[in-house]
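Report on the structure
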Amino acid sequence: MKKIKLAKRYIEAYKQSLRPDDLQTGLADFIKIATLFLENKKLGDLEKSPLISIVDKKILFGKIIRKITSIKNIDRFFELLLKKHRLLLLPALKELAQKELDYASELMPAKIFLACAPDAETKALIRKKLEMKEQKKINPFFVIDPTLLGGFKAIIGNKIYDASLKNELTKLKNIKS
(Lines give C-alpha, C1' and ligand atoms only; values in the text may rest on other atoms or scores of the structure.)
Protein backbone atom coordinates (compact mmCIF):
# COMPACT_ATOMS: atom_id res chain seq x y z
CA MET A 1 0.00 0.00 0.00
CA LYS A 2 2.86 2.37 0.84
CA LYS A 3 4.41 1.69 -2.58
CA ILE A 4 1.19 2.70 -4.36
CA LYS A 5 0.92 5.95 -2.40
CA LEU A 6 4.56 6.72 -3.08
CA ALA A 7 4.18 5.85 -6.77
CA LYS A 8 1.14 8.15 -7.01
CA ARG A 9 3.15 11.02 -5.54
CA TYR A 10 6.00 10.40 -7.98
CA ILE A 11 3.73 10.19 -11.03
CA GLU A 12 1.91 13.37 -9.97
CA ALA A 13 5.25 15.16 -9.62
CA TYR A 14 6.30 13.86 -13.03
CA LYS A 15 3.05 15.10 -14.62
CA GLN A 16 3.54 18.51 -12.99
CA SER A 17 7.01 18.74 -14.54
CA LEU A 18 5.60 18.34 -18.06
CA ARG A 19 4.26 21.15 -20.20
CA PRO A 20 0.52 20.65 -20.84
CA ASP A 21 1.09 20.10 -24.56
CA ASP A 22 3.73 17.42 -23.74
CA LEU A 23 1.54 15.47 -21.28
CA GLN A 24 0.37 12.67 -23.60
CA THR A 25 3.76 12.28 -25.29
CA GLY A 26 5.56 12.42 -21.95
CA LEU A 27 3.34 9.72 -20.45
CA ALA A 28 3.57 7.51 -23.56
CA ASP A 29 7.37 7.85 -23.64
CA PHE A 30 7.56 7.15 -19.90
CA ILE A 31 5.58 3.91 -20.47
CA LYS A 32 7.94 2.88 -23.30
CA ILE A 33 11.01 3.50 -21.15
CA ALA A 34 9.53 1.78 -18.10
CA THR A 35 8.64 -1.24 -20.26
CA LEU A 36 12.19 -1.34 -21.61
CA PHE A 37 13.68 -1.26 -18.11
CA LEU A 38 11.22 -3.84 -16.77
CA GLU A 39 11.59 -6.30 -19.64
CA ASN A 40 15.33 -6.03 -20.23
CA LYS A 41 17.13 -8.20 -17.67
CA LYS A 42 20.53 -6.68 -18.48
CA LEU A 43 19.32 -3.19 -17.60
CA GLY A 44 17.84 -4.51 -14.37
CA ASP A 45 21.10 -6.23 -13.47
CA LEU A 46 23.03 -3.08 -14.36
CA GLU A 47 20.84 -0.97 -12.09
CA LYS A 48 21.41 -3.36 -9.17
CA SER A 49 25.17 -3.75 -9.72
CA PRO A 50 27.28 -2.32 -6.88
CA LEU A 51 30.32 -2.31 -9.20
CA ILE A 52 28.97 0.56 -11.29
CA SER A 53 28.78 4.00 -9.73
CA ILE A 54 25.55 5.98 -9.60
CA VAL A 55 27.16 8.61 -11.84
CA ASP A 56 27.97 6.00 -14.52
CA LYS A 57 24.46 4.55 -14.25
CA LYS A 58 22.94 8.03 -14.68
CA ILE A 59 25.06 8.63 -17.78
CA LEU A 60 24.18 5.28 -19.33
CA PHE A 61 20.47 5.48 -18.49
CA GLY A 62 20.39 9.07 -19.75
CA LYS A 63 21.83 7.99 -23.11
CA ILE A 64 19.25 5.22 -23.45
CA ILE A 65 16.37 7.52 -22.50
CA ARG A 66 17.46 10.31 -24.86
CA LYS A 67 17.42 7.83 -27.76
CA ILE A 68 13.76 7.10 -27.04
CA THR A 69 12.42 10.57 -26.25
CA SER A 70 13.12 14.24 -26.64
CA ILE A 71 11.15 15.17 -23.50
CA LYS A 72 13.84 16.48 -21.15
CA ASN A 73 12.15 15.77 -17.85
CA ILE A 74 12.03 12.01 -18.35
CA ASP A 75 15.77 11.52 -17.98
CA ARG A 76 15.77 13.75 -14.90
CA PHE A 77 12.87 11.77 -13.47
CA PHE A 78 14.65 8.44 -14.02
CA GLU A 79 17.81 9.97 -12.55
CA LEU A 80 15.83 10.84 -9.42
CA LEU A 81 14.36 7.32 -9.23
CA LEU A 82 17.85 5.84 -9.57
CA LYS A 83 19.38 8.19 -7.00
CA LYS A 84 16.61 7.55 -4.46
CA HIS A 85 16.62 3.77 -5.13
CA ARG A 86 13.01 3.97 -6.32
CA LEU A 87 13.26 1.94 -9.53
CA LEU A 88 11.43 -0.80 -7.61
CA LEU A 89 8.35 1.39 -8.06
CA LEU A 90 8.59 1.10 -11.85
CA PRO A 91 5.74 -1.45 -12.29
CA ALA A 92 3.35 0.71 -10.25
CA LEU A 93 4.57 3.89 -11.96
CA LYS A 94 4.03 2.32 -15.37
CA GLU A 95 0.48 1.26 -14.48
CA LEU A 96 -0.34 4.71 -13.09
CA ALA A 97 1.16 6.42 -16.14
CA GLN A 98 -0.99 4.20 -18.37
CA LYS A 99 -4.13 5.19 -16.42
CA GLU A 100 -3.19 8.86 -16.71
CA LEU A 101 -2.55 8.48 -20.45
CA ASP A 102 -5.90 6.74 -20.91
CA TYR A 103 -7.62 9.54 -19.02
CA ALA A 104 -5.81 12.19 -21.05
CA SER A 105 -6.75 10.49 -24.32
CA GLU A 106 -10.31 9.75 -23.10
CA LEU A 107 -9.91 5.98 -23.19
CA MET A 108 -11.46 3.95 -20.39
CA PRO A 109 -8.88 1.63 -18.82
CA ALA A 110 -10.19 -1.94 -18.63
CA LYS A 111 -8.57 -4.76 -16.70
CA ILE A 112 -9.69 -8.03 -18.26
CA PHE A 113 -9.06 -11.35 -16.52
CA LEU A 114 -8.91 -14.55 -18.59
CA ALA A 115 -8.09 -18.20 -17.86
CA CYS A 116 -5.40 -18.31 -20.56
CA ALA A 117 -3.59 -15.97 -22.95
CA PRO A 118 -6.04 -14.71 -25.58
CA ASP A 119 -5.34 -14.62 -29.30
CA ALA A 120 -5.82 -11.42 -31.32
CA GLU A 121 -9.34 -12.41 -32.42
CA THR A 122 -10.47 -13.05 -28.83
CA LYS A 123 -8.98 -9.75 -27.68
CA ALA A 124 -10.80 -7.88 -30.43
CA LEU A 125 -14.11 -9.63 -29.67
CA ILE A 126 -13.92 -8.89 -25.94
CA ARG A 127 -12.89 -5.29 -26.61
CA LYS A 128 -15.80 -4.78 -29.03
CA LYS A 129 -18.31 -6.31 -26.60
CA LEU A 130 -17.13 -4.14 -23.70
CA GLU A 131 -17.05 -0.97 -25.82
CA MET A 132 -20.67 -1.64 -26.83
CA LYS A 133 -21.67 -2.05 -23.17
CA GLU A 134 -19.77 1.05 -22.03
CA GLN A 135 -20.53 3.21 -25.10
CA LYS A 136 -16.90 4.37 -24.91
CA LYS A 137 -13.56 3.31 -26.29
CA ILE A 138 -11.55 1.19 -23.87
CA ASN A 139 -7.88 0.46 -23.39
CA PRO A 140 -7.79 -3.23 -22.43
CA PHE A 141 -5.13 -4.67 -20.16
CA PHE A 142 -5.31 -8.47 -20.24
CA VAL A 143 -4.40 -10.47 -17.13
CA ILE A 144 -4.14 -14.25 -16.88
CA ASP A 145 -6.11 -15.58 -13.90
CA PRO A 146 -5.70 -19.35 -13.53
CA THR A 147 -8.62 -19.48 -11.07
CA LEU A 148 -11.02 -18.80 -13.95
CA LEU A 149 -12.28 -21.91 -15.72
CA GLY A 150 -13.34 -20.05 -18.85
CA GLY A 151 -14.86 -16.80 -20.04
CA PHE A 152 -13.62 -13.51 -18.64
CA LYS A 153 -14.12 -10.86 -15.99
CA ALA A 154 -13.57 -7.18 -16.68
CA ILE A 155 -13.18 -4.15 -14.44
CA ILE A 156 -13.88 -0.81 -16.09
CA GLY A 157 -13.96 2.15 -13.75
CA ASN A 158 -16.17 1.09 -10.86
CA LYS A 159 -18.07 -1.55 -12.91
CA ILE A 160 -17.40 -5.27 -12.97
CA TYR A 161 -18.53 -7.42 -15.88
CA ASP A 162 -18.54 -11.12 -15.08
CA ALA A 163 -18.77 -13.33 -18.15
CA SER A 164 -16.92 -16.19 -16.49
CA LEU A 165 -17.98 -19.79 -16.94
CA LYS A 166 -18.65 -20.08 -13.21
CA ASN A 167 -21.00 -17.08 -13.29
CA GLU A 168 -22.85 -18.39 -16.35
CA LEU A 169 -23.33 -21.80 -14.69
CA THR A 170 -24.60 -20.11 -11.53
CA LYS A 171 -27.14 -18.17 -13.61
CA LEU A 172 -28.35 -21.41 -15.22
CA LYS A 173 -28.62 -23.09 -11.83
CA ASN A 174 -30.69 -20.20 -10.49
CA ILE A 175 -33.03 -20.35 -13.49
CA LYS A 176 -33.69 -24.06 -12.88
CA SER A 177 -34.35 -23.55 -9.16
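This section reports on the structure supplied with the text. (Residues numbered from 1 in each chain as written. Predicted model: local features only at pLDDT ≥ 70, side-chain atom pairs only at ≥ 80, totals over all residues. Heavy atoms only, no water.)

Running from amino to carboxyl end, helix H3 (residues 41-48) crosses helix H4 (residues 54-68) at an angle of 155 degrees, the nearest separation of the two axes being 10 Å. The angle between H3 and H4 falls in the class roughly antiparallel. With respect to the hand of their crossing, H3 and H4 are arranged in left-handed fashion. Where H3 abuts H4, its residues Leu43, Leu46, Glu47 and Lys48 lie against Lys57, Leu60, Phe61 and Ile64. Tallied by class, the residues present in the contact of H3 with H4 amount to five nonpolar, no polar and three charged. (Axes fitted to C-alpha atoms, helices over the stretch in contact; angles between N-to-C directions. Helix = DSSP H or I, 4+ residues; strand = E, 2+ residues; numbered from the N terminus. Parallel < 35°, antiparallel > 145°, perpendicular 65-115°, else oblique. Left-handed = near helix turned anticlockwise from the far one by under 90°. Contact = heavy atoms within 4.5 Å. Nonpolar A, V, L, I, M, F, W, Y, C, P; charged D, E, K, R; others polar.)

Relative to the elements of secondary structure, glutamate 47 occurs in helix H3. Despite its burial, glutamate 47 pairs with no opposite charge; the closest candidate is lysine 48, at 5.5 Å N-O. Once residues within four sequence positions are removed from consideration, glutamate 47 is found in contact with Lys57, Phe61, Leu82 and Leu87. (Buried < 20%, exposed > 50% of the residue type's maximum accessible area, 1.4 Å probe, protein only. Lys, Arg positive; Asp, Glu negative; His and termini not counted. Salt bridge = Lys/Arg side-chain N within 4 Å of Asp/Glu carboxyl O.)

We now examine the packing of helix H2 (residues 23-39) against helix H5 (residues 72-83). It is the contact of H2 with H5, at a shortest axis distance of 10 Å, that shows an interaxial angle of 40 degrees. Accordingly, the angle class assigned to the pair H2 and H5 is oblique. Note that H2 runs across H5; the crossing there is right-handed. Note on element contacts: H5 touches H2 through Ile74, Phe77 and Phe78, opposite Gly26, Asp29, Phe30, Ile33, Ala34 and Phe37. Among the residues forming the contact of H2 with H5, the class breakdown is seven nonpolar, one polar and one charged.

Our next topic: the pattern of salt bridges. Per the stated rule, a full pass over the model turns up 11 salt bridges. With a shortest N-O distance of 3.2 Å, glutamate 12 and lysine 15 are connected by a salt bridge. One end of the pair, glutamate 12, and the other, lysine 15, are both in helix H1 (residues 2-17), three residues apart, so they sit about a helical turn from each other. Judged by relative accessible area, glutamate 12 falls into the partly exposed class, the value being 34%. A salt bridge links glutamate 168 to lysine 171; its shortest N-O distance comes to 3.6 Å. Linking glutamate 168 with lysine 171, this pair stays in helix H8 (residues 165-176), spanning three residues, or about one helical turn. One network of salt bridges, in which partners are shared, links Glu12, Lys15 and Glu100.

Across the sheet, which stays open at both edges, the four strands sit in the order S2-S1-S3-S4 with mixed pairing between neighbours. The open sheet has two edge strands, strand S2 (138-144) and strand S4 (159-164), and neither has a second partner. The sheet shows a mean angle of 20 degrees between the axes of neighbouring strands, taken without regard to direction. Direction of pairing for strand S1 (residues 108-114) relative to strand S3 (residues 151-156): antiparallel, over a ladder of five bridges. Bridging across to S3, leucine 114 finds its partner in phenylalanine 152. Along the sheet, helix H7 (residues 120-134) contacts S1, S2, S3 and S4; its crossing angle with S2, the most-contacted strand, is approximately 130 degrees. (Pairing = 2+ DSSP bridges.)

Following the sequence through the fold, alanine 110 ends up in strand S1. The class of alanine 110 is buried, set by a relative accessible area of 3%. A C-alpha to C-alpha distance of 9.6 Å links alanine 110 and lysine 99, two positions 11 residues apart in sequence. Setting aside residues no more than four positions away along its own chain, alanine 110 makes contact with Ile138, Asn139, Pro140, Phe141, Ile155 and Ile156.

A few words on the pairing of S1. Note on strand geometry: in a regular strand, side chains alternate between the two faces of the sheet. Examined bridge by bridge, S1 and S2 share seven bridges and lie parallel to one another. Its bridge partner being in S2, lysine 111 is matched across the sheet by phenylalanine 141. Viewed along the sheet, the connection from S1 through H7 into S2 turns out right-handed. (Right-handed = clockwise from strand over helix to strand, strands pointing away.)

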